[in-house]
Amino acid sequence: MAPLTLAGIERAARDQLAPEIWDFVEGGSGAERTLAANREMFGRHAFRPRALVDVSECAPAVDLLGTTLQLPVGIAPMAYHRLVHPDGETATARAAGKAGALLVAGIFASRTLEDIAAAATGPLWLQLYWLRRREALAALVERAEAAGYAALLLTVDAPRIGRRLRDLRNGFAVPPKIRAVNLDPALMAASHSAGQGSSGIAEHAKEQFDPTLTWADLAWLRERSRLPLVLKGVLTAEDARRAADHGVDAVVVSNHGGRQLDGALPALAALPEVVDALPPHIPALLDGGVRSGADIAVALALGARAVLVGRPAFWGLATGGEAGVGQVLDLLRDELEHTMALLGRPSVADLDRTALAPWPV
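Residues numbered from 1 in each chain as written. Predicted model: local features only at pLDDT ≥ 70, side-chain atom pairs only at ≥ 80, totals over all residues. Heavy atoms only, no water.

## Some points on the overall build of the protein chain
Basically, it comes down to this: Under the scheme used here, helices are H or I runs from DSSP no shorter than 4 residues and strands are E runs no shorter than 2 residues, and both carry numbers assigned from the N terminus. Only protein chains enter the area calculation, which uses a 1.4 Å probe; residues under 20% of their type maximum are buried, those over 50% are exposed, and those in between are partly exposed. Any two residues whose heavy atoms approach within 4.5 Å are treated as being in contact. Computed with a 1.4 Å probe, the accessible areas rest on the Shrake-Rupley method; for each residue, only the protein chains presented here act as cover.
Of regular secondary structure, the protein chain possesses 14 helices and 12 strands. Judged by the C-alpha coordinates and their principal axes, the protein chain covers about 65 × 50 × 40 Å. Out of the 361 residues in the protein chain, the part that is buried amounts to 57%. A sequence separation of at least 24 residues applies to 73% of the contacts in the protein chain between residues at least 6 apart. With the model as given, the accessible surface of the protein chain reaches about 14900 Å², and the carbon-plus-sulfur share is 52%.

## Focus: the packing of aromatic side chains
Counted only if it meets this: Only Phe, Tyr and Trp rings are paired, with Trp represented by its six-membered ring, and only when their centres lie within 6.5 Å; those with planes under 30 degrees apart are stacked, over 60 edge-to-face, the remainder tilted. In this scheme, Lys NZ or Arg CZ marks a charge over a ring once it lies within 6 Å of the ring centre and within 35 degrees of the ring normal.
Using the criterion set out here, one finds 6 aromatic pairs in the structure. Here the aromatic rings of Phe-108 and Tyr-129 are separated by 5.6 Å at their centres, their planes lie at 25 degrees, and the arrangement is stacked. In this pair, Phe-108 sits in the loop between strand E5 (102-105) and helix H5 (113-119) while Tyr-129 sits in the loop between strand E6 (124-128) and helix H6 (134-147), placing the two residues 21 residues apart along the sequence. For the pair Trp-130 and Trp-220, a centre-to-centre distance of 5.5 Å together with 65 degrees between the ring planes defines the contact as edge-to-face. Of this pair, Trp-130 sits in the loop between E6 and H6 while Trp-220 is found in helix H10 (residues 218-223), placing the two residues 90 residues apart along the sequence. Here Trp-130 matches Trp-220 in class, with each residue buried. Over the ring of Trp-220 we find Arg-134, and its NZ or CZ is 5.2 Å from the ring centre.

## Points about the pairing of strand E11 (residues 306-309)
Definition in use: When DSSP locates at least two bridges between a pair of strands, those strands are taken to pair.
Burial of E11 is two-sided: the residues Ala-306 and Leu-308 facing one way and the residues Val-307 and Val-309 facing the other way are all buried. Bridge count between strand E4 (residues 73-75) and E11: 3 bridges; the pairing is parallel. Bridge assignment links Gly-74 to a residue of E11, and that residue is Leu-308. Relative to E11, strand E10 (residues 284-287) runs parallel, the two sharing 3 bridges. What sits directly across from Leu-285, in E11, is Ala-306.

## Side note on unusual backbone geometry
Phi angles above zero are rare outside glycine, and Glu-32 is one such case at about 65 degrees. Here Glu-32 lies in the loop between helix H2 (19-26) and helix H3 (33-40). Backbone geometry at Leu-52 places phi at a positive 55 degrees, although glycine is not the residue there. Following the sequence through the fold, Leu-52 ends up in the loop between strand E1 (45-47) and strand E2 (62-64). Owing to a relative accessible area of 90%, Leu-52 belongs among the exposed residues under this scheme.

## Focus: helix H11 (residues 237-245)
The cut-off we apply is this: Working note: the arc is built from the helix axis to C-beta atom directions.
For H11, the complete set of buried residues consists of Ala-237, Ala-240 and Ala-243. The buried residues of H11 occupy an angular sector of 120 degrees when the element is viewed end-on, so they sit on one face. Elements in contact with the buried residues of H11: strand E8 (229-234), strand E9 (250-254) and helix H12 (267-277).

Written out as structure tokens, the structure is:
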């Protein structure tokens, strides 16, 4: 019997992946308080269903930066999809396109930007970390624009990598056969080696990420591309307002899936203040803890234009390649439409804060 929830796909993926790969995918930073809180926050909201509404058709489509998503979901940027399946990002791209969902390809993708674009039939963005070698960033931006990517997403919550204790205990390093193929191998060398009590991911970030990045540097990126610019890692109204002042086209409310500052606000808790601080023309997306269509409905009701899902996409990829990712997205679609129907909110426009109440305690 096919899994009825994402939890079933999660269990199957855990059984299939090597323990150190599973820990790399699933782990958070520190005591993993924020990782757990991302999920727990959804349970603090109750639905306020409306009766006698025509819900014979529910429409989950949304517009995002000039593109229509048939499903208000994107695959969050994640490195090295080939860690869990040999087809890697091309399989994820095909599944996202068939579902009408967004794919955000990671800077450390294990398939070329061009191969991912050739496999994609839906919206495609490129995620960037700010590297010390700006010429490497500029080259990626140029390639992405030429290949038809529709936006750039800059991750801004990683001046250094969080203390991911699972990776440190495992001495995790990226296996030699899995590479970030869009960057010079010399730039990525540190990610492939780690001693006891160290992490190749952390050592690489320490060597290559530029911790001097400030708001003023965004102009440099703007000068090199006409693509819309999205900032991922915004958790406060203050930063939302600064993003708007600097001409950013969208923001992603995210704590990096609980992998950076442990104890940071759960993404869902930060969402309302970020949405309220942004002008109406700048959409906010939510990233962190989404595990069901009902979760998506909560995020949309609190003002998100769409959500990003990370780990669940890896679970699907690990268990079934393209078909597995498709199964994850199909479950989310079915659950979202089911929730919208029973809630009496047949379109995304009907989902607002009046659809929610605090869970009784």
